[in-house]
Amino acid sequence: MAQVIDFPSKKKEVEKCSLFEWTELHHNESDFREVFLNMDIALKYIHDHGYCIESFYPTNIHVLNNNPEYIQFDNLMELSHDPVTRQSMIKEDIFRSSFIQIALYTNTIRSLTPEFLKENFDSVIRFVPEGDVPYYRGVVQRGASVYFSEFALEKMNRDLQQLEKELEGTGEKADVPRENEPLSNDKINDRIYRQINGMKDAAFISYLLIPTFVIVSLVLIAIISWILSLF
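Here is a short report on the structure shown in this document.

Conventions used here
- Residues numbered from 1 in each chain as written.
- Predicted model: local features only at pLDDT ≥ 70, side-chain atom pairs only at ≥ 80, totals over all residues.
- Heavy atoms only, no water.
- Core = buried A, V, L, I, M, F, W, Y, C linked by side-chain atoms within 4.5 Å.
- Buried < 20%, exposed > 50% of the residue type's maximum accessible area, 1.4 Å probe, protein only.
- Helix = DSSP H or I, 4+ residues; strand = E, 2+ residues; numbered from the N terminus.
- Salt bridge = Lys/Arg side-chain N within 4 Å of Asp/Glu carboxyl O.
- Phe/Tyr/Trp six-rings, centres within 6.5 Å; stacked < 30°, edge-to-face > 60°.
- Lys NZ or Arg CZ within 6 Å of the ring centre and 35° of its normal.
- Contact = heavy atoms within 4.5 Å.
- Polar contact = N/O pair within 3.5 Å; in protein donor to acceptor, adjacent residues only side chain to side chain.

### Considering the nonpolar core
The nonpolar side chains of soluble globular proteins are, as a tendency, buried together.
Right, so step 1: Membership of the largest hydrophobic core comes to 55 residues, with the highest contact counts inside it found for F73, I102, Y136 and Y193.
Right, so step 2: Considering each element in turn, this core owes the most residues, ten residues, to helix α3 (residues 83–105).

Pasting the structure below:
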């Protein structure tokens, strides 16, 4: 049976705001995009550590300390060890994440369904940033398993290439980086999701301790047997 992690709902030292509440307080498109991008980065981090999301409802996702870089999914579930099932679970998470983002962009969180979105994508997607529509179309209508952060990185790198070509055409020179670094919040997510690392470490320590205990026991038995043989 898959293992489920429930994160504490309250912590005195941390201010928590549900994603639903956060989007009710922020109406700027760029604010939405920033929090969704960081939500995706956290999702990829969780997948990379062997877990997926049990509930994507926006009351079960929190923004900590009013900082969109600090995204906490409250309920995690262990990914399957079967490669095919594991990939299917990751794909489902990416779809559900995209669905929630679209529902919050369009203020249809209480009425939108996956079936309606797939069948009426073009009419629903009107309130989503135009540059991100190809990503959501790929996930929703074509079943793509691409993280939003990976799409955003590729888009930024293409923009850099276009800028470089435009500068070359004018004869101007500028210090334009060849490409952006991969998007990551590992230090932040290491703190938020330390339960994942803690469980992995505990399992690893147990894996080491069991054979060590067996070896020590065998050595002790051999010593005791040798001592008894002297009498």
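### What to know about the pattern of salt bridges
Right, so step 1: The full count for this structure, using the stated rule, is five salt bridges.
Right, so step 2: The salt bridge involving R137 is made with D122; its shortest N-O contact spans 2.8 Å. Residue R137 is located in helix α6 (residues 133–142), and its partner D122 is located in helix α5 (residues 121–124); the two are separated by 15 residues in the primary sequence.

### Side note on the packing of aromatic side chains
Right, so step 1: With the rule as written, the count across this model stands at eleven aromatic pairs.
Right, so step 2: Considering the side-chain rings of F56 and F73, the 5.6 Å spacing of their centres and the 75 degrees angle between planes classify their relative orientation as edge-to-face. Taken as a pair, F56 in the loop between β3 (51–53) and β4 (61–64) and F73 in strand β5 (residues 71–73) lie far apart in primary sequence, 17 residues in all.
Right, so step 3: Among the residues examined, F56 registers a relative accessible area of 4% and is labelled buried.
Right, so step 4: Judged by relative accessible area, F73 falls into the buried class, the value being 0%.
Right, so step 5: Relative to F151, the ring of F148 has its centre 6.4 Å away and its plane inclined at 15 degrees; by these criteria the two rings are stacked. Taken as a pair, F148 and F151 lie in helix α7 (residues 148–170) at a separation of three residues, close to a single helical turn.
Right, so step 6: For F148, a relative accessible area of 0% gives the class buried.
Right, so step 7: Counting every residue linked through ring pairs, the aromatic cluster contains Y135, Y136, F148 and F151.
Right, so step 8: The ring of F95 carries the charged tip of K118 above its face, separated from the ring centre by 5.0 Å.

### Observations concerning the environment of Y147
Right, so step 1: Along the chain, the position of Y147 falls in the loop between α6 and α7.
Right, so step 2: Residue Y147 is classed as buried on the basis of its relative accessible area, which comes to 9%.
Right, so step 3: In this structure, the C-alpha to C-alpha distance between Y147 and Y135, residues twelve residues apart in sequence, is 9.0 Å.
Right, so step 4: Among residues more than four places away in sequence, those in contact with Y147 are D40, L43, K44, H47, I90, I94 and Y135.
Right, so step 5: Among the polar contacts listed, one links the side chain of Y147 to the side chain of H47, at a separation of 2.7 Å.

From the geometry alone we can't say anything about function, so treat these as descriptive.
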